[in-house]
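An overview of the molecular structure
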Amino acid sequence: MRPRPPIKGRGIFNGTGLIITGLAATAAALLFPLWSYADRPDPTDATTLSAQTVTTPYGPLSAQDRDFVTKVRLAGLWELPAGQLAERKGTTQAVRDAGRHLVDGHTSLDAHVRTVASQLGVPLPNEPNEQQKQWLATLNSAQGQDFDRKFAGILRFAHGRVFSLVAQVRAGTQNSLVRDLADDANATVLDHIKVLEATGYVDFSALARDLAASPSAVPTPPEVDPASAVPVVPSPSTTYALPPAASSPPPANSP
């Protein structure tokens, strides 16, 4: 019997073989990144996280806890001077009252955070960061109702950003001193949010847009030993006649 001729296309290069080869190559490509990362530490692993946490007599102190302590200090370094500006330059009683709340709140909160930082050995900044300096410069140059509007808008935006951080730290910290500080900060920030909104100058639609588009945090300025942190206290100022209080502030979106 005559031998059958070989069937063309048999072997690895026929249609089925090409499909199998392609699948094998795809599987290898998908598995390679897993193999290459097998020996790398997982940033969410408990061991990795514990390396960023230190033991204190008041409970574990995490990197987030230390960052929170620093941010509370930073808030006082610029919000107290901003409050003093509002006391002097505000054109309505509501704006001046909001300024007084900022001064009183951060005078007390700064004393608390410096005590906590000293007990936990957390270094503190002695000056605001660049973003906060720009905000103060804006308020220094503004006058009249333009000042009122910018004061309420900038300060309400800043408090909105920190309010969520306070809640996050309070919910998760294992350190008793940080919990107490978060409780104090929460009460202070909420009080400031309320008095800022009571000025009538907060544009809530613009606020929501700005918070959603909020950039990443500005780097913290150089830190110093906790014992060297200069207290944040109201500076004496000369008295002069305040502008008359308006019967009611204009709508926040008015020109």
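Fair warning: this is a prediction, and the values are worked out from it, not measured in the lab.

**So, the nonpolar core**
Within the largest apolar cluster, 23 residues are counted, with the highest numbers of intra-cluster contacts made by Trp-78, Leu-139, Phe-147, Phe-151 and Leu-155. Secondary-structure elements contributing two or more residues to this core are helix H3 (63-89), helix H4 (93-120), helix H5 (130-141), helix H6 (144-172) and helix H7 (176-197). Per-element accounting of this core gives the leading share, seven residues, to H6. Leu-139 has contacts with Ala-82, Leu-85, Lys-89, Phe-147, Lys-150, Phe-151, Ile-154 and Leu-155, leaving out every residue within four places of it along the chain.

**Notes on the packing of H3 against H6**
Running from N to C, H3 and H6 point in directions that differ by 160°, and their axes come no closer than 11 Å. Classed by the angle they form, the pair H3 and H6 counts as roughly antiparallel. Helix-helix and strand crossings are classified by hand; for H3 and H6 the assignment is left-handed. Contacts from Gln-64, Asp-65, Phe-68, Lys-71, Trp-78, Glu-79, Ala-82, Leu-85, Ala-86 and Lys-89 of H3 reach H6 at Phe-147, Asp-148, Phe-151, Ile-154, Leu-155, Ala-158, His-159, Leu-165, Val-166, Gln-168 and Val-169. For the contact of H3 with H6, the residue count by class is 13 nonpolar, three polar and five charged.

**Remarks on the confidence of the model for the chain**
Model confidence for the chain is summarised by a mean pLDDT of 80, while 69% of its residues fall at 70 or above. Scored below 50 in pLDDT, residues 29-50 shows five contacts in the model against residues more than four places distant or in partner chains. In this model residues 238-248 is a low-confidence stretch, pLDDT under 50, and it forms 16 contacts with partners more than four residues away in sequence or in other chains.

What counts, and at which threshold
- Residues numbered from 1 in each chain as written.
- Predicted model: local features only at pLDDT ≥ 70, side-chain atom pairs only at ≥ 80, totals over all residues.
- Heavy atoms only, no water.
- Core = buried A, V, L, I, M, F, W, Y, C linked by side-chain atoms within 4.5 Å.
- Buried < 20%, exposed > 50% of the residue type's maximum accessible area, 1.4 Å probe, protein only.
- Helix = DSSP H or I, 4+ residues; strand = E, 2+ residues; numbered from the N terminus.
- Contact = heavy atoms within 4.5 Å.
- Axes fitted to C-alpha atoms, helices over the stretch in contact; angles between N-to-C directions.
- Parallel < 35°, antiparallel > 145°, perpendicular 65-115°, else oblique.
- Left-handed = near helix turned anticlockwise from the far one by under 90°.
- Nonpolar A, V, L, I, M, F, W, Y, C, P; charged D, E, K, R; others polar.
- pLDDT = per-residue confidence, 0-100.

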